[in-house]
Amino acid sequence: MTVSAPESVFLRACRRRPVPHAPVWYMRQAGRSLPEYQKARANMPMLKACATPDLITEITLQPVRRYHVDAAIFFSDIVVPLRAIGVGIDIKPGVGPVVDKPIRSATDIGQLRPLQPDDVPYVTQAVGNLISELGATPLIGFAGGPFTLAGYLIDGGPSKNFEVTRSMMFGQPDLWHDMMSRLADITTAFLQVQVEAGASAVQLFDSWAGSLSLDDYRTSVLPYSRRIFDALAAADVPRIHFGVGTGELLGVMGEAGADVVGVDWRVPLDEAVRRVEPGKALQGNLDPAVLLAPWDVIRPRALEVLRRGRTAEGHIFNLGHGVLPQTDPDMLTRLTELVHEAGQ
Ligand code: 1CP
């Protein structure tokens, strides 16, 4: 239940209620570009950090302290629930998630057992700590979408277009549907753990779903995303659905049942309004690379995102994807101030 911050600007915008200014937070705001993050993570492997409650708490709070953003994003990773059920997966520095042995057969898929809250006690504990530390600032819990998780498991690691994954989807539909069904249940359980511990909203990152055509997304992914969002409906927390390169999929990603649809930088928000059914808020969508340009370039671009965002029923300002590692944190401080001062 949302008891911690019912009136926050972020939650109001997600619910398409009037707000004094667009709320703002950044994907990948915790980590990578912050010097205090580098210090906290020194000599600590990524997945060990994700299983250490004090460190999770500290890293989650860092961008809130520095930027005064309107929401915190839980410090974890989309592969944490997979590792927690015993999948041999690690995060390699500078690479991303890599599995020991790609999951491609019925026997491999059989390893994907349901996730229990006891598998991730550090998540429950860290969310609890954060709720008391954050006060009025809402905490966003998150998980990986089923296509994106399947992509890492089947291809074996980061990939441009996840060809092995798509070939299983086309050529072995029974295996595919078994795997997606298991991943949807793991993702649902991971999100429920975070919500039950006090997270005020959830974001489903199906980051790489944009490599599918609309018809294939509809047949092979939508039923599972919908199952996840349906399972969370009773929790009454805003549900955000995001992917990269999903301009053609925005409508159907909305149909999956989220309250908020995340938009990358390729589709202007007023066009996204036309592609997504009524009754949804939008989140986005400044090109993260714009933040590498001088402030004179950033400012008008950000104001343009806000102007187009006003055509949506609710707008949460964000980047079109994660903060790039080389971003100057001071630009994010200035950008946050700009969004707050621009008003509605
Ligand atoms: O600040 C925050 O956003 C919270 C922390 C967070 C989140 C929301 C991390 C920490 N990971 C994620 C989600 C995540 N992980 C996504 C969805 C968001 C997105 O599209 O960016 C994805 C696709 C991953 C997988 C992943 N984990 C990658 C991408 C690899 C690829 O295919 O290109 C990488 C590089 C990681 C490692 C990771 N996760 C998080 C951090 C801070 C890091 C870097 C750690 C390191 O290099 O040691």
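The sections below set out a description of the structure shown in this document. (Residues numbered from 1 in each chain as written. Predicted model: local features only at pLDDT ≥ 70, side-chain atom pairs only at ≥ 80, totals over all residues. Heavy atoms only, no water.)

1. A short note on the overall build of the protein chain
Reasoning step 1: Tallying secondary structure elements over the protein chain gives 16 helices and 9 strands in all.
Reasoning step 2: In terms of overall dimensions, the protein chain is globule-like: its C-alpha atoms have a radius of gyration of 19 Å, near the 20 Å expected for 344 residues.
Reasoning step 3: Among the 344 residues that make up the protein chain, the fraction classed as buried is 59%.
Reasoning step 4: Across the protein chain, contacts joining residues at least 24 apart in sequence account for 73% of those joining residues at least 6 apart.
Reasoning step 5: By element, 51% of the accessible surface of the protein chain is carried by carbon and sulfur atoms, the whole surface being about 13500 Å².
Reasoning step 6: Here the protein chain contributes 33 positively and 38 negatively charged side chains, and the mean placements of these two sets differ by 2 Å. (Helix = DSSP H or I, 4+ residues; strand = E, 2+ residues; numbered from the N terminus. Rg over C-alpha atoms; globule rule 2.2 N^0.38 Å. Buried < 20%, exposed > 50% of the residue type's maximum accessible area, 1.4 Å probe, protein only. Contact = heavy atoms within 4.5 Å. Areas by Shrake-Rupley, 256 points an atom, 1.4 Å probe, with all protein chains shown as cover. Lys, Arg positive; Asp, Glu negative; His and termini not counted. Charge placed at Lys NZ, Arg CZ, Asp CG, Glu CD.)

2. Points about the packing of aromatic side chains
Reasoning step 1: A full pass over the atoms with the stated rule returns 7 aromatic pairs.
Reasoning step 2: Considering the side-chain rings of Phe 147 and Trp 176, the 6.2 Å spacing of their centres and the 55° angle between planes classify their relative orientation as tilted. Of this pair, Phe 147 sits in helix α8 (residues 146-155) while Trp 176 sits in helix α10 (residues 173-197), and the two are 29 residues apart along the sequence.
Reasoning step 3: Residue class for Phe 147 comes out buried when judged on its relative accessible area of 0%.
Reasoning step 4: Aromatic side chains Tyr 152 and Phe 162 sit 5.8 Å apart centroid to centroid with 85° between the ring planes, which places their arrangement in the edge-to-face category. Placement of Tyr 152 in helix α8 and of Phe 162 in the loop between α8 and α9 (163-171) is noted, with a sequence separation of 10 residues between them. Just as Tyr 152 is buried, Phe 162 falls in that class too.
Reasoning step 5: Among the aromatic residues, ring-to-ring pairing joins Phe 147, Tyr 152, Phe 162 and Trp 176 into one connected group. (Phe/Tyr/Trp six-rings, centres within 6.5 Å; stacked < 30°, edge-to-face > 60°.)

3. Some words on the side chain of Ser 8
Reasoning step 1: Looking at where Ser 8 falls in the secondary structure, it is placed in the segment before α1 (9-14).
Reasoning step 2: In this structure, Ser 8 is in contact with Ala 136 and Pro 138, ignoring residues within four places of it in sequence.

Note that all results are geometric; they support no functional claim without further evidence.
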